[in-house]
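Chain by chain, the residues:
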Amino acid sequence: MLDRITSMQAFVRVVGQGSFAAAARSLGLSQTMVTKHVSALEAHLGVALFHRSTRRLSLTESGQLYLDRCQKLLSSLEDMEQEVTAGAAEPRGLLRMNTPVSFAIRHVAPLLPEFSQKYPLVTVELGVDDRRVDPIAEGWDLTLRIGHLLPSSLKARRLAHINFTLCAAPSYLAKHGTPATVSDLEHHTCLGYTLSDPVGTTRWSFGRRGERTIPVKSSLRSNNGDVLRTAALAGQGILYQPTFIVADELQSGLLKPLTLDTPLLEGPDLHAVYVPTTHVPLKVRVMIDFLAARYAPVPPWERAGHQS
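Thresholds applied
- Residues numbered from 1 in each chain as written.
- Predicted model: local features only at pLDDT ≥ 70, side-chain atom pairs only at ≥ 80, totals over all residues.
- Heavy atoms only, no water.
- Phe/Tyr/Trp six-rings, centres within 6.5 Å; stacked < 30°, edge-to-face > 60°.
- Helix = DSSP H or I, 4+ residues; strand = E, 2+ residues; numbered from the N terminus.
- Buried < 20%, exposed > 50% of the residue type's maximum accessible area, 1.4 Å probe, protein only.
- Lys NZ or Arg CZ within 6 Å of the ring centre and 35° of its normal.
- Polar contact = N/O pair within 3.5 Å; in protein donor to acceptor, adjacent residues only side chain to side chain.
- Contact = heavy atoms within 4.5 Å.
- Pairing = 2+ DSSP bridges.
- Axes fitted to C-alpha atoms, helices over the stretch in contact; angles between N-to-C directions.
- Salt bridge = Lys/Arg side-chain N within 4 Å of Asp/Glu carboxyl O.

Caption draft 1: How the structure looks around the packing of aromatic side chains. Following the criterion strictly, the structure yields 13 aromatic pairs and no others. Ring geometry for F20 versus F50: centroids 5.9 Å apart, planes at 65°, classification edge-to-face. Here the residue F20 occupies a position in helix α2 (residues 20-27), and F50 occupies one in strand β1 (residues 50-52), the gap between them amounting to 30 residues. Grouping residues by exposure puts F20 and F50 together as buried. Through successive ring pairs, a cluster of aromatic residues spans F11, F20, F50 and Y66. Positioned above the aromatic ring of W140, the side-chain terminus of R96 is 4.0 Å from the ring centre.

Now the structure itself:
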């Protein structure tokens with residue numbers, strides 16, 4: 001039989017990635033080899049782990065049970081290795097990290113060359129996704145999440161605070177006027193973010209705790225802040241987004257911050273989220289420490305002097 005530990009790793013990665021092809025790419029193996037590993041497990045166990053169809057891949061009842069056990073075993077194995085080599089080991093291995101799209105492009109990807117120079121034995125796989133991923137089911141070692149965390153068994157470390165800004169292009173303000181009150185926004189064109197309720201497509205909230213909400217009209221709606229930023233730069237409407245998306249444009253004057261009669265919504269925190277284990281893998285710990293050092297005491301996107 002093929003190496004059973006590698007086969008378990010392949011099986012867990014297939015579940016997390018959603019396909020044999022994606023798992024093969026993330027493991028650096030051929031799709032044929034990943035298929036062989038999973039088939040070898042099924043032959044050894046005498047059960048089918050997946051329901052296979054042309055449309056989708058899903059776990060059988062036995063597959064779900066085996067997945068839970070594999071994840072615990074592989075985690076224990078990594079804990080054991082970490083404990084044995086603690087103090088003498090250098091961070092190494094594949095670090096799978098998932099982050100929101102716009103934040104990754106601006107404030108994670110530019111830091112990775114420095115991280116790679118500092119920890120050359122760590123290979124980073126950076127996944128970008130604005131949806132709420134499941135680190136355990138999808139095999140992510142570390143996720144960065146912006147927002148209020150839901151109760152779970154996952155561990156989290158606060159890395160930074162995220163402020164909101166309300167802004168528009170000078171061309172828009174010259175044509176439509178500058179709003180002075182929250183109520184004025186009802187007569188303006190706004191750019192709606194479909195993944196947010198407080199600053200969404202039909203209503204925007206103001207006040208630190210969102211105690212005041214007004215209806216807004218959206219000329220454009222998107223699930224990506226960069227799309228809305230591009231529209232705002234073209235004078236299409238008013239933008240209500242985190243400052244990290246528009247920090248450069250605010251500093252250069254391409255977008256102008258707006259001050260109304262009610263404070264903006266209190267922003268959420270940025271957290272590093274990871275699976276709790278007895279010994280957090282060294283590759284995870286050094287990445288969290290690295291990012292925390294780069295984002296403290298004031299995040300780089302707030303250092304341009306913008307006042308929210």
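Caption draft 2: Structural view of the side chain of R96. With respect to the element layout, R96 can be found in strand β3 (residues 93-99). On the accessibility criterion, R96 (1% relative accessible area) is buried. Here the side chain of R96 touches E138 through a polar contact of 3.0 Å, landing on its backbone oxygen. Those residues in contact with R96 that sit more than four places away from it in its chain are R13, Q17, E125, E138, G139, W140, D141 and L142.

Caption draft 3: Up close: the sheet that holds strand β6 (residues 155-161). In space, the five strands of this open sheet follow the order β4-β3-β5-β14-β6, with mixed pairing throughout. Bordering the open sheet on either side are β4 (122-128) and β6, each of which pairs with just one other strand. Neighbour-to-neighbour, the strand axes of the sheet open up by a mean angle of 20°, direction not taken into account. With seven bridges connecting them, β3 and β4 associate as parallel partners. From the neighbouring strand, T99 faces β4, where its bridge partner is V128. Most of the contacts of helix α11 (residues 282-295) go to β6, to which it runs at about 20°, and overall it touches β3, β4, β5 (142-146), β6 and β14 (269-274).

Caption draft 4: Structural detail: the pattern of salt bridges. This model, assessed by the stated rule, comprises eleven salt bridges. In this structure, R158 and D269 form a salt bridge, with 3.3 Å as the shortest nitrogen-oxygen distance. Of the two residues, R158 is situated in strand β6 and D269 in strand β14; the sequence distance between them amounts to 111 residues. Relative accessible area serves as the criterion here: at 22%, D269 is assigned to the partly exposed category.

Caption draft 5: Spotlight on α2. Taken together, the buried positions of α2 are F20, A22, A23, A24 and S26. Of the surrounding secondary structure, the elements contacted by the buried residues of α2 are α1 (4-17), α3 (31-45), β1, β2 (57-59), β3 and β4. A distance of 3.0 Å separates the backbone nitrogen of A22 from a side-chain oxygen at the start of α2, and that oxygen is part of S19. The positive-phi residue at the C-terminal boundary of α2 is G28, with phi of around 75°.

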